[in-house]
Amino acid sequence: MDITILGIESSCDDTSAAVIRNRTLLSNVIASQAVHVKYGGVIPELASRAHQQNIIPVVDTALKEAGVSIDKIDAIAFTRGPGLLGSLLVGTSFAKGLSIAHNIPMVEVNHLQGHILAHFVDLPDRELPHPDFPFLCLLVSGGHTQIVKVSSPLEMEIIGSTIDDAAGEAFDKCAKVMGLPYPGGPVIDRLAREGDAKAFAFAKPHVEGRFDYSFSGLKTSFLYTLRDAVAADPDFVEKHKADLCASLQRTIIDILLDKLIKASKETGIRDIAVAGGVSANSGLRNAIEQTGRRRGWRTFLPELKFTTDNAAMIAMSGYFRYMAGEISSLDVSPVARLSDLVG
Ligand code: KG4
Ligand code: ZN
């Protein structure tokens, strides 16, 4: 029997809705919020307001593009967290309203698990490669950096995570220091292609935890390098932008791969996936493929449209949860932090 899921994502600054039938994506509509660019970061209050304006047209368009009417939806999957509370509230409240009005069950989704399960989405015209269980997923987003052991769509164990900044934050904060627009990750990615990755050396952390990460030392080291150099030459950043970006990106990739290789060695798992906004990074994608070839991994890189926040991944995760009978009650409320979501 066909199961059709409507997914709703509103955890940060993208309002998105998607329709999935079994594992085939029928539509995936994303409204990005340009309002934050001039502030150099996401302003939570403005994000909630923009979600409020976007959510009805986005959901409506997703249903229309899919050619599915609301009464054909078996469940509404929505992001419960982690994320910005006001933003999550918009998606959650909207899902509740739809659920009550049309008597459709609701399924809550952990945003981070959604990023990982994006690897199981198929497109109408082609199946995409899916990892086998168990696999390791390097989850790299704006707020989280983790190595997750994925044993099934519902069983995931975080075996490593950052003790301070996330990889995406390292990109975004260093970009800000260089005067680049938000979000900095894609801009650095583009500039890095023209630069020499060995031009500058930045600090790499020694983190106690087996598979844990740290990026705050790198950020500080980047900041100090720039501060001293700019004191001597005010045009330093402008002259060396590409080299700075390439060297910074190289360091972030090295840090990420170091622990990922260790985790693969120690767990014996060689199906390796990457997910989250930073998995769009071309340098990281190349490095994972190259490392994979050397180490006999099967590597899984998400399609670019599934790297940053989208509702296809929420619908996919919702599908697996619905099939497992994981229905949410109407009194479910969103949670901002991951630690409040698990356990
Ligand atoms: O997963 P995501 O869309 O949102 C969160 O859940 O946080 O990730 C956003 C992060 C931002 O830090 C952004 O700079 C980063 O992903 N990002 C990139 C690239 N595209 C997005 N970082 C490096 N290279 C990219 N091409
Ligand atoms: Zn995300």
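Everything numeric in this text was worked out from a predicted model, so none of it was measured.

What about the sheet that holds strand S8 (residues 156–161)?
Pairing between sheet strands relies on hydrogen bonds along the backbone, with the strands arranged either parallel or antiparallel.
Reasoning step 1: Read from one edge of the open sheet, five strands run S8-S7-S6-S9-S10, paired in mixed fashion. Bordering the open sheet on either side are S8 and strand S10 (298–300), each of which pairs with just one other strand. Here the strands of the sheet are splayed against their neighbours by 25 degrees on average, with no regard to which way each runs.
Reasoning step 2: Sheet strands in contact with helix H8 (residues 282–295) are strand S6 (135–140), strand S9 (271–275) and S10, and its direction is about 165 degrees off that of S10.

Quick notes on the site of ligand 1
Reasoning step 1: Gly142, Asp172, Asp189, Gly277 and Asn281 are the nearest of the 19 residues found near ligand 1.
Reasoning step 2: Between glycine 142 and ligand 1, the recorded distance is 2.8 Å, taken from a backbone N or O atom to an oxygen atom.
Reasoning step 3: Interatomic distance of 3.1 Å between a backbone N/O atom of glycine 185 and an oxygen atom of ligand 1.
Reasoning step 4: Surface burial for ligand 1 is 89%, taken as the share of its 560 Å² of free accessible area covered by protein chains.
Reasoning step 5: Its residues assigned to classes, the shell around ligand 1 comprises five nonpolar, eleven polar and three charged.

Considerations on the coordination of the zinc ion (ligand 2)
Reasoning step 1: Taken together, the protein donors to the zinc ion (ligand 2) comprise His111 (NE2), His115 (NE2) and Asp309 (OD), at separations of 2.1 Å.
Reasoning step 2: Each donor residue of the zinc ion (ligand 2) belongs to the same chain, with the gaps between them written as H-x3-H-x193-D. Of this pair, histidine 111 sits in helix H3 (residues 111–117) while aspartate 309 is found in the loop between S10 and helix H9 (312–323), placing the two residues 198 residues apart along the sequence. The two residues histidine 111 and aspartate 309 agree in class, both being buried.

Things to note about the sheet that holds strand S1 (residues 4–9)
Reasoning step 1: With mixed pairing, five strands are arranged side by side in an open sheet as S3-S2-S1-S4-S5. Every other strand in the sheet has two partners, leaving strand S3 (24–32) and strand S5 (106–110) as the edge strands with one partner each. Across the sheet, the axes of successive neighbouring strands diverge by a mean angle of 20 degrees, strand direction being ignored.
Reasoning step 2: The strands touched by helix H1 (residues 44–66) are S1, strand S2 (14–21) and S3; relative to S2, the strand with the most contacts, the crossing angle is about 25 degrees.
Reasoning step 3: In this fold helix H2 (residues 85–102) packs onto S1, strand S4 (75–81) and S5, with an angle of close to 155 degrees to the strand it touches most, S4.

Some remarks on the domain arrangement of the chain
Accessible area lost when the parts come together is the quantity often used to give the size of an interface.
Reasoning step 1: Domains assigned within the chain are domain 1 (4–127 + 306–340) and domain 2 (135–302).
Reasoning step 2: Centre-to-centre, using C-alpha coordinates, domain 1 lies 27 Å away from domain 2.
Reasoning step 3: In this assembly, 22 residues from domain 1 lie in contact with 25 residues from domain 2.
Reasoning step 4: For the domain 1 and domain 2 pair, buried surface summed over both sides reaches about 1800 Å², with 77% attributable to carbon and sulfur atoms.
Reasoning step 5: When the area that domain 1 buries against domain 2 is broken down by residue, the three leading residues are Ile116, His119 and Thr307, summing to 34%.

A few points about the environment of lysine 241
Reasoning step 1: By secondary structure assignment, the location of lysine 241 is in helix H7 (residues 236–267).
Reasoning step 2: Spatially, the C-alpha atoms of lysine 241 and arginine 49 are 35 Å apart, while their sequence positions differ by 192 residues.
Reasoning step 3: Every residue in contact with lysine 241, bar those within four places of it in the chain, is listed here: Met178, Leu180 and Leu191.

Some words on the pattern of salt bridges
Reasoning step 1: For the coordinates displayed, the defined rule picks out 20 salt bridges.
Reasoning step 2: Here lysine 173 makes a salt bridge to aspartate 165, at a shortest N to O gap of 3.5 Å.
Reasoning step 3: Judged by its relative accessible area of 8%, aspartate 165 is buried.

Here's the deal with the state of the cysteines
Reasoning step 1: Throughout the structure, instances matching the rule amount to zero disulfides.
Reasoning step 2: For cysteine 137, which is in no disulfide, the shortest distance to another cysteine sulfur is to cysteine 12 and amounts to 19 Å.
Reasoning step 3: Overall, the relative accessible area of 0% leaves cysteine 137 in the buried class.
Reasoning step 4: Summary of cysteine pairing: cysteine 174 is not part of a disulfide, and the nearest cysteine sulfur, belonging to cysteine 245, is at 9.4 Å.

Quick notes on the rules
Residues numbered from 1 in each chain as written. Chains lettered and ligands numbered in written order. Predicted model: local features only at pLDDT ≥ 70, side-chain atom pairs only at ≥ 80, totals over all residues. Heavy atoms only, no water. Pairing = 2+ DSSP bridges. Helix = DSSP H or I, 4+ residues; strand = E, 2+ residues; numbered from the N terminus. Axes fitted to C-alpha atoms, helices over the stretch in contact; angles between N-to-C directions. Contact = heavy atoms within 4.5 Å. Near = heavy atom within 4 Å. Polar contact = N/O pair within 3.5 Å; in protein donor to acceptor, adjacent residues only side chain to side chain. Areas by Shrake-Rupley, 256 points an atom, 1.4 Å probe, with all protein chains shown as cover. Nonpolar A, V, L, I, M, F, W, Y, C, P; charged D, E, K, R; others polar. Donors = N, O, S within 2.8 Å, 3.2 Å for Na, K, Ca; no water. Buried < 20%, exposed > 50% of the residue type's maximum accessible area, 1.4 Å probe, protein only. Domains from an automatic or database assignment. Buried area = accessible area lost by both parts, 1.4 Å probe. Salt bridge = Lys/Arg side-chain N within 4 Å of Asp/Glu carboxyl O. Disulfide = S-S within 2.5 Å.

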